[in-house]
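# Residue-level structure breakdown
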Amino acid sequence: MNQERSLLYSLAKSKCPRCREGDMFPKATLYSTKFAAMREYCTCCGQSFEPEPGFYYGAMYVSFALNVGLFLVTLFLLSLFVEEVTMGMLIGLILVTSLGMLPVFFRLARLLWINIFVKYEGPSTQIPQKSHI
């Protein structure tokens, strides 16, 4: 029994935007030196994960927005718990959190970007396979 998966499920589990079944990234590589490794195509529906050369340049803007959000949340939380926020304290905390979130934001930016352009079509058993030749 196939149930329609949501966009949030697809983003949280790093699934293919077209069928939301195949994995975009290899398992157990999030916090490793291969966090940027990405599959070439979906193993379930055949969707290419790099539709054209340079496709993910736009994802850098998404990543920038995610990091700005992280900066603002960090500044807000710091101002709640610390009486006087110094520049050194803010820079140090931002460096630690942004480096810690780098693999997550990298993947999330790519997932958001490809989901803008590749629409969900249904379970892989109900849509035509794409050729990845």
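These notes cover the structure that comes with them. (Residues numbered from 1 in each chain as written. Predicted model: local features only at pLDDT ≥ 70, side-chain atom pairs only at ≥ 80, totals over all residues. Heavy atoms only, no water.)

### Regarding the pattern of salt bridges
According to the stated counting rule, one finds 3 salt bridges in the structure shown. Sharing partners across several salt bridges, the network here consists of Lys 15, Asp 23 and Lys 27. (Salt bridge = Lys/Arg side-chain N within 4 Å of Asp/Glu carboxyl O.)

### Let's talk about the nonpolar core
Counting residues in hydrophobic clusters, the biggest one holds 18 residues, and the most contacted among them are Met 24, Phe 49, Tyr 56 and Ile 114. Ranked by residue count, the leading element in this core is helix H3 (residues 87-117), at 4 residues. Beyond its immediate sequence surroundings of up to four residues, Met 24 is in contact with Ser 14, Lys 15, Cys 16, Pro 17, Met 38, Arg 39, Phe 49, Tyr 56, Leu 111 and Ile 114. (Core = buried A, V, L, I, M, F, W, Y, C linked by side-chain atoms within 4.5 Å. Buried < 20%, exposed > 50% of the residue type's maximum accessible area, 1.4 Å probe, protein only. Helix = DSSP H or I, 4+ residues; strand = E, 2+ residues; numbered from the N terminus. Contact = heavy atoms within 4.5 Å.)

### Points about unusual backbone geometry
Glycine aside, residues mostly have negative phi angles, and peptide bonds mostly take the trans form. At Arg 20, a residue that is not glycine, the phi angle is positive and equals roughly 60 degrees. For Arg 20, the location among the structural elements is in the loop between helix H1 (7-12) and helix H2 (59-81). Exposure remark for Arg 20: the relative accessible area of 10% places this residue in the buried category. Here Ala 28, not a glycine, exhibits a phi torsion of approximately 55 degrees, which is positive.

### Thoughts on the packing of aromatic side chains
This model, assessed by the stated rule, comprises 4 aromatic pairs. Taking 4.9 Å as the distance between ring centres and 85 degrees as the angle between the ring planes, the aromatic pair formed by Phe 55 and Tyr 56 counts as edge-to-face. With respect to class, Phe 55 is no different from Tyr 56; both count as buried. Here Trp 113 and Phe 117 contribute two aromatic rings whose centre-to-centre distance is 5.1 Å and whose plane-to-plane angle is 65 degrees, an arrangement assigned as edge-to-face. Of this pair, Trp 113 and Phe 117 are both found in helix H3, 4 residues apart, which corresponds to roughly one turn of the helix. Among the aromatic side chains, those forming a connected cluster through ring pairs are Phe 55, Tyr 56, Trp 113 and Phe 117. (Phe/Tyr/Trp six-rings, centres within 6.5 Å; stacked < 30°, edge-to-face > 60°.)

### A short note on the environment of Ser 6
One can find Ser 6 in the segment before H1. By relative accessible area, which is 40% here, Ser 6 ends up partly exposed. The spatial distance from the C-alpha of Ser 6 to the C-alpha of Leu 66 is 21 Å, given a sequence separation of 60 residues. Within the local environment of Ser 6, its side chain forms a polar contact with the backbone nitrogen of Tyr 9, the two atoms lying 3.1 Å apart. (Polar contact = N/O pair within 3.5 Å; in protein donor to acceptor, adjacent residues only side chain to side chain.)

### Thoughts on a nonpolar patch on the surface
A cluster of nonpolar side chains, namely Phe 64, Val 68, Phe 71, Leu 72, Leu 75, Val 85 and Met 89, defines an oily patch on the protein surface of about 560 Å² accessible area. Counting residues per element, the nonpolar patch draws most heavily on H2, at 5 residues. Checked against the element boundaries, Val 85 lands in the loop between H2 and H3. Look at Val 85 and you get partly exposed, because its relative accessible area is 31%. (Patch = residues over 30% accessible without salt bridge, like charges linked within 9 Å, V, L, I, M, F, W, Y side chains within 5 Å. Areas by Shrake-Rupley, 256 points an atom, 1.4 Å probe, with all protein chains shown as cover.)

### Observations concerning H2
Under the 1.5 Å per step criterion, the end-to-end length of H2 is 33 Å for 23 residues, consistent within 8% with the ideal 33 Å. Those residues of H2 that fall on the buried side of the exposure criterion are Ala 59, Val 62, Ser 63, Leu 70, Thr 74 and Leu 78. Lining the buried residues of H2 we find H3. (Expected span 1.5 Å × (residues − 1).)

### What to know about the side chain of Gln 47
Along the chain, the position of Gln 47 falls in the loop between H1 and H2. At 3.1 Å, the side chain of Gln 47 forms a polar contact with the side chain of Lys 130. When near neighbours in sequence (up to four residues on either side) are disregarded, Gln 47 contacts Cys 16, Arg 18, Glu 40, Tyr 41, Cys 42, Val 118 and Lys 130.

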